[in-house]
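# Structural characterization, general
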Amino acid sequence: MSYSLSVNSQNVLCVVGKIDLTNVTAACSQGRELINTLATVRVDLSGVVQADSSILAMLIDWIRAAKTQQKELVMSNLPSFLLDLGRVCGLDGILPISK
């Protein structure tokens, strides 16, 4: 299974599919390009069906990319396995997750 990134009609960056070491570099780059087009960066992760820890590096890179453009990035709809992964890696306190 692969992944897809798109911006929906509400200007939300939607991540769908599987993110792992085989595709994270491309997804990271594509996401940064989409972030450049958004005034406010909201990331919906509800479509992520599988991921390894490389997705955390991608999300941190996107946070950094948004901050360099003085944009806030907020993530929503993280699957429970992704929340658990962030917690295990000690990143749950720095990931900007909307409640």
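So, here's what we can say about the structure. Everything numeric here is computed off the predicted structure, so don't read it as measured data. Chains are numbered independently. Their residues run from 1 in the order of the written sequence. Totals for whole chains, interfaces and linings use every residue, but because this is a predicted model, local features are given only for residues with pLDDT of at least 70 and side-chain atom pairs only at 80 or more, for both listing and counting. In computing side-chain values, all of the structure's heavy atoms are included and hydrogens and water are not.

## Structural notes on the sheet that holds strand 3 (residues 41–51)
The test is simple: Paired strands, as defined in this entry, are two strands with at least two bridges between them according to DSSP. Think of it this way: any DSSP run of H or I at least four residues long counts as a helix, any run of E at least two long counts as a strand, and we number them from the N terminus. Interaxial angles span 0 to 180 degrees and are taken between N-to-C directions of axes, which are lines fitted to C-alpha atoms, for helices over the stretch in contact.
One open sheet accounts for four strands, arranged 1-2-3-4; its pairing is mixed. Only two strands of the sheet have a single partner each, and these edge strands are strand 1 (3–7) and strand 4 (73–76). Along the sheet, successive strands turn relative to each other by an average axial angle of 20°, direction set aside. Two elements, strand 2 (residues 12–19) and strand 3, share seven bridges in a ladder whose sense is parallel. Bridging across to strand 3, Ile-19 finds its partner in Ala-51.

## Here we look at the environment of Ile-55
As a reminder, the rule being used: For every residue, the accessible area obtained with a 1.4 Å probe (protein chains only) is divided by the maximum for its type, and the residue is called buried under 20%, exposed over 50%, and partly exposed between those limits. Should any heavy atoms of two residues lie within 4.5 Å, those residues are considered in contact.
Along the chain, Ile-55 falls in helix 2 (residues 54–68). Judged by relative accessible area, Ile-55 falls into the buried class, the value being 0%. The spacing of Ile-55 and Thr-25 is 30 residues in sequence and 9.7 Å in space, taken between C-alpha atoms. When near neighbours in sequence (up to four residues on either side) are disregarded, Ile-55 contacts Ile-19, Val-48, Leu-82 and Leu-85.

## Thoughts on the pairing of strand 3
Short version of the rule: A right-handed crossover is one whose linking path, passing over the helix from the first strand to the second, runs clockwise when the strands point away from the viewer.
At this point the chain moves from strand 2, through helix 1 (residues 24–37), to the parallel strand 3, and the crossover so formed is right-handed. Bridge count for strand 3 against strand 4 is four bridges, and the pairing is parallel. Its bridge partner lying in strand 4, Asp-44 is registered against Ser-76. Handedness of the crossover joining strand 3 and strand 4 through helix 2: right-handed.

## Observations concerning the pattern of salt bridges
The test is simple: Note on definitions: salt bridges are taken to be side-chain nitrogens of Lys or Arg within 4 Å of carboxyl oxygens of Asp or Glu.
In total, this model carries three salt bridges according to the counting rule given. Linking Asp-20 and Lys-18 is a salt bridge whose minimum nitrogen-to-oxygen distance equals 3.3 Å. We classify Lys-18 as partly exposed; its relative accessible area is 22%. Notably, a salt bridge pairs Asp-61 with Arg-32, separated by 2.6 Å at the nearest N-O pair. Within this pair, whereas Asp-61 is found in helix 2, its partner Arg-32 is found in helix 1, the two being separated by 29 residues in sequence. For Asp-61, a relative accessible area of 17% translates into the label buried. Classification of Arg-32 as partly exposed rests on a relative accessible area of 31%.

Just distances and angles here, no functional claims.
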